[in-house]
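Chain by chain, the residues:
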Protein chains: 2
Amino acid sequence: MSDRFDFSVSATDGRARTGTIRTPRGDIRTPAFMPVGTAATVKAMLPESVRATGADILLGNTYHLMLRPGAERIARLGGLHRFMNWERPILTDSGGFQVMSLAGLRKLTEEGVTFSSHVDGSKHMLSPETSMEIQRLLGSDIVMAFDECPALPATVDEVAKSMRMSMRWAQRSRDAFGDRPGHALFGIMQGGVTRELREESAEALKAIGFEGYAIGGLAVGEGQEAMFGVLDYAPGFLPEDKPRYLMGVGKPDDIVGAVQRGVDMMDCVLPSRSGRTGQAWTRRGQVNIKNARHADDPRPLDAECTCPACTGYSRAYLHHVFRAGEMISGMLLTWHNLHYFQELMAGMRDAIAAGRLDGFVADFHARRAGGDIAPL
Amino acid sequence: MSDRFDFSVSATDGRARTGTIRTPRGDIRTPAFMPVGTAATVKAMLPESVRATGADILLGNTYHLMLRPGAERIARLGGLHRFMNWERPILTDSGGFQVMSLAGLRKLTEEGVTFSSHVDGSKHMLSPETSMEIQRLLGSDIVMAFDECPALPATVDEVAKSMRMSMRWAQRSRDAFGDRPGHALFGIMQGGVTRELREESAEALKAIGFEGYAIGGLAVGEGQEAMFGVLDYAPGFLPEDKPRYLMGVGKPDDIVGAVQRGVDMMDCVLPSRSGRTGQAWTRRGQVNIKNARHADDPRPLDAECTCPACTGYSRAYLHHVFRAGEMISGMLLTWHNLHYFQELMAGMRDAIAAGRLDGFVADFHARRAGGDIAPL
């Protein structure tokens, strides 16, 4: 453990890198996938089980936590780590992205955003200053700057105008964050799919100076090709010696492509949300456990997987408990999905360290192309 | 482990006894509480967690399993133990009780019961012979005879008529069960709250001969006083050297009173069902975690409890996740409740072995009378 926040790259392979973020609450091995614990819980999982999948860090959502149970309450109770029984690092988003998606229920000005709670309709304000204060109350290890992510479709002028306001907000976030040893503030690059705007945004953030840099405004419906198009150049605009975090990504093939392009951190609700709707992610692609073909299948979801769902249960059981609406269905499939995502990250870290990422990625795609095991 | 089914009493204290049921799948310490795994899962729990609470045996419901996923399917998949990943003993009910409660959807004759599935409306038949066959397909270690439990209110004549048919069905169950070393068949005493009928039922069952004897037809709305009234004499009608199982009981004070009266085994959905509705059972009585008084309370549900909910989380957290509708709420409260029930059984087993059950029971009631900890 370190008493401060730092990042070091231990190996590179092409544009991909592997390394370690050191924090007072523990190390984060990169490339890292962060499970999402929206309301102070990774849905359907106990935190010790999330850790057992290999997660070094969780993401918490400022928007949800400020509304319920409230940031002041969490602070009185000793902070988010103690509250949710997760003593390792936590990254919190700024609340901006979720507030922006409250179409019709929010009002945006240079000062910030006023909005109505989806829980009880009460009025709230989020700004760079209030977001920093809420994330401080939560006790987050990695705090995200407050930014705006424009809804698509947007013109280049709209994206530019929004990005420039986000850069003014980035400065206000930095000023409001203050001096907090052991804690990190990450700036967020915007600029849509326009290279010049991405570069302008990166320059503005670097001039302010952050402990890490996120790539925002992707994975919002632009498609994988457009996202990879931006990732072909955007990470290169950011400092080599700081972590690069791609927000809200993604599916396994999105993650692999992002790591190949120099991304160090990602988060997504996908593995947990899929787990609750009967969708499993495996080396052979996606499996819909609802499908009647699994009803009599004694084989595990993935014979090579060492998670509790694959070592203890047949597809027939997983099918049965999903159909019967039993909670164990979401518990086991979420565990499997998080395990698979973390194993994928570990595989990429090892491959980068060994200089064989291309081979790893080729194998990843070949096995997915083969598809799920044949029905009995 | 034993290669056969047997039962021995190691100590008695008043009418209470403690001992061990030995089966090829493991020992069952008595008095035993059996969590209910209706649809091949103890709701909101992984089986290794159920075991960690101290459970030696689970109960499965024949009615639910025969309809979904089907007994033949479970047999093809290697039996219920493998299917649900629980290698220790399983007791299955006969399906009779659940079918009888399908008022309007079932037809009762001397042969058995025809009924419509609550899942898909399909027609089914349960009789002593089909119930034995289904429980054999499931691979149950302790099989229950097929009986009728008359709906209350019922006249003494109706109860007598029903009990006598159940005794004919008990003989048919015994005949259909056959010779299955290592597996046990339990007969079920009926007779309502009428002493003469209970005695007649016990004599009929003893004349047939079973590996264990259940006391049925209680915990069906007659109230604790009437139930204890029957338990004051009914266990004494049964053989000393066979286990006595009180079906569907109950609340902690019901369980304590039943053990004092010579009961060896019980089952109930209460700890798991309560856990999913925000109700916790503790040494100090019931706690409704929904209540706003818990919203800021940093204290555990029960400071003396060693379960994951009490060692890892505050009442404030448990309140928050219940209010937010998070699955971890049901997971943690169910675990706590099952842990508490098993700890209560272990406490009684130790107290009986030490000849101090009266003191244990006095302390049990005194602590409950004191009520939950005061609000902050």
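The structure displayed is predicted, hence computed values, not measured ones.

(A) Region of the structure containing the UniProt feature "active site" (unreviewed entry) in chain A. Residues and elements named next belong to chain A. When the UniProt feature table is mapped onto this chain numbering, "active site" (unreviewed entry) sits at Asp-93 and Asp-267. Over a stretch of 175 residues, the named residues converge on one spot in the fold, their C-alpha atoms separated by at most 10.6 Å. From this annotated list, the subset lining the largest pocket comprises Asp-93 and Asp-267. Look past the residues within four positions of Asp-93 in its chain and what remains in contact with it is Gly-60, Asn-61, Thr-62, Tyr-63, Gln-98, Gln-135 and Met-144. Within the structure, the side chain of Asp-93 is placed 2.6 Å from the side chain of Asn-61, a separation counted as a polar contact. Position of Asp-267 among the secondary structure elements: in strand β14 (residues 265-268).

(B) How the structure looks around helix α10 (residues 252-260) of chain B. All names here are of chain B. Burial analysis of α10 places eight of its nine residues in the buried class, the great majority of the element. All buried positions along α10 are accounted for by Pro-252, Asp-253, Asp-254, Ile-255, Val-256, Gly-257, Ala-258 and Val-259. Trailing α10 by a residue or two, Gly-262 shows a phi angle of about 100°, which is positive.

(C) Representation of the interface of chain A and chain B in the model. Taken residue by residue, the interface counts 38 residues in chain A and 39 residues in chain B. Around 3100 Å² of area is buried between chain A and chain B when both sides are counted, 62% of it from carbon and sulfur atoms. Our count for the chain A to chain B interface comes out at six salt bridges. Along the contact surface separating chain A from chain B lie 14 residue pairs in polar contact (both at pLDDT 80 or more). Elements that contribute at least two residues to the side of chain A that touches chain B include exactly α1 (47-52), α3 (71-76), α4 (80-84), α13 (315-323) and α14 (327-353) of chain A.

(D) Highlighting the pairing of strand β14 (residues 265-268) of chain B. Residue and element names in this part refer to chain B. Because side chains alternate across β14, one face comprises the buried residues Met-265 and Asp-267, and the other comprises Met-266 and Cys-268, equally buried. In this sheet, β14 lies alongside strand β4 (residues 32-35) in parallel orientation, the contact comprising four bridges. Counterpart to Pro-35 in the pairing with β14 is Cys-268. Bridging between strand β13 (residues 244-246) and β14 involves two bridges; their strand directions are parallel. For Leu-246, the partnering residue across the bridge sits in β14 and is Met-266. With respect to chirality, the unit in which β13 leads through α10 into the neighbouring parallel β14 is right-handed.

(E) Geometry of the environment of Asp-93 of chain B. Residue and element names in this part refer to chain B. Mapping Asp-93 onto the fold places it in the loop between β6 (90-92) and α5 (96-100). For Asp-93, a relative accessible area of 9% corresponds to the buried category. Along the backbone, Asp-93 and Asp-6 are 87 residues apart, and their C-alpha atoms lie at a distance of 19 Å.

(F) Inspection of the pattern of salt bridges at higher detail. For the structure on display, the rule yields 55 salt bridges over all chains. A salt bridge links Arg-73 of chain A to Asp-296 of chain B, with the nearest nitrogen and oxygen atoms 3.0 Å apart. In this pair, Arg-73 of chain A is assigned in helix α3 and Asp-296 of chain B in the loop between β16 (285-288) and α12 (308-312), connecting two distinct chains. For Arg-73 of chain A, a relative accessible area of 24% translates into the label partly exposed. Look at Asp-296 of chain B and you get partly exposed, because its relative accessible area is 30%. Arg-174 of chain A serves as the salt-bridge partner of Glu-211 of chain A, at 3.2 Å between the closest nitrogen and oxygen. Of this pair, Glu-211 of chain A sits in the loop between α8 (195-208) and β12 (212-215) while Arg-174 of chain A sits in helix α7 (residues 156-177), and the two are 37 residues apart along the sequence. The network of salt bridges with common partners includes Arg-283, Asp-302, Glu-304, Glu-343 and Arg-367 of chain A.

(G) View of the sheet that holds strand β2 (residues 16-23) of chain A. Residue and element names in this part refer to chain A. The strand order across the open sheet built from three strands is β1-β2-β3, with neighbouring strands paired in antiparallel fashion. Where the open sheet ends on each side, the last strands, each with one partner, are β1 (6-13) and β3 (26-30). Sheet twist, expressed as the mean angle between neighbouring strand axes with direction ignored, is 15°. Sheet analysis places β1 next to β2, joined by seven bridges and oriented antiparallel. Counterpart to Thr-12 in the pairing with β2 is Arg-17.

(H) The arrangement of unusual backbone geometry in detail. Cis geometry marks the peptide bond from Thr-30 of chain A to Pro-31 of chain A; its omega dihedral reads 0°. Within the secondary structure, Pro-31 of chain A sits in the loop between β3 and β4 (32-35). Cis geometry marks the peptide bond from Arg-68 of chain A to Pro-69 of chain A, where omega comes out at 10°. The residue Pro-69 of chain A is located in the loop between α2 (62-67) and α3 in this model. Here Ala-44 of chain B, not a glycine, exhibits a phi torsion of approximately 75°, which is positive. In this structure, Ala-44 of chain B sits in the loop between β4 and α1 (47-52). Classification of Ala-44 of chain B as buried rests on a relative accessible area of 2%.

(I) Expanded view of the relation of the copies chain A and chain B. Taken as rigid bodies, chain A and chain B are interconverted by a rotation of 180° and an axial shift of 0.0 Å, the fit giving an RMSD of 0.0 Å. Such values leave the two copies arranged in the relation of a two-fold axis. Identified as the residue of chain A closest to the rotation axis by C-alpha distance is Met-327 of chain A, at 3.9 Å. Of the residues that chain A buries at the interface, 100% are likewise interface residues in chain B, meaning the two copies contact each other through the same surface.

(J) Fine view of the side chain of His-339 of chain A. The topology assignment puts His-339 of chain A in helix α14. Aside from chain neighbours lying at most four places away, what touches His-339 of chain A is Thr-53, Cys-305, Thr-306 and Cys-307 of chain A.

Cut-offs and rules
Each residue is numbered by its place in its chain's sequence as written, counting from 1. Whichever chain is written first becomes A and whichever ligand is written first becomes 1, with later ones labelled in order. Owing to the predicted nature of the model, reporting of local features is limited to residues with pLDDT of at least 70; listing and counting of side-chain atom pairs is limited to 80 or more, with chain, interface and lining totals taken over all residues. As a convention, hydrogens and water are excluded, and side-chain values are obtained from all of the structure's heavy atoms. UniProt positions are given in the numbering used here, feature names are shortened, and annotations may be inferred rather than shown by experiment. With a 1 Å grid spanning the protein atoms alone, the term cavity applies to any set of points in which a 1.4 Å probe fits but cannot get out, the term pocket to an open set with protein on both sides within 12 Å along at least five of seven lines, and the term lining residue to any residue with an atom within 4 Å of a point. Here, two residues are considered to be in contact whenever any of their heavy atoms come within 4.5 Å of each other. Polar contacts here mean pairs of N or O atoms no more than 3.5 Å apart (in protein, one a potential hydrogen donor and the other a potential acceptor; neighbouring residues in sequence count only if both atoms are side-chain atoms). By definition, any uninterrupted DSSP run of H or I lasting at least four residues is a helix, any uninterrupted run of E lasting at least two residues is a strand, and each is numbered from the N terminus. Partly exposed describes any residue whose relative accessible area lies between the buried limit of under 20% and the exposed limit of over 50%, with all areas from a 1.4 Å probe on protein chains only and scaled to the type maximum. Here the quantity called buried area is the total loss of accessible area, with a 1.4 Å probe, experienced by two parts when brought into contact, counted for both. Each salt bridge in this description consists of a side-chain nitrogen of Lys or Arg and a carboxyl oxygen of Asp or Glu lying within 4 Å of one another. Paired strands are those between which DSSP finds at least two bridges. A crossover gets the label right-handed when its path from the first strand over the helix to the second runs clockwise, viewed with the strands pointing away from the viewer. Axes here refer to lines fitted to C-alpha atoms; in helices the fit is confined to the stretch in contact. Angles between the N-to-C directions go from 0 to 180 degrees. The fit set for superposing copies consists of C-alpha atoms from residues with pLDDT of at least 70 in both; the fit itself is least squares.

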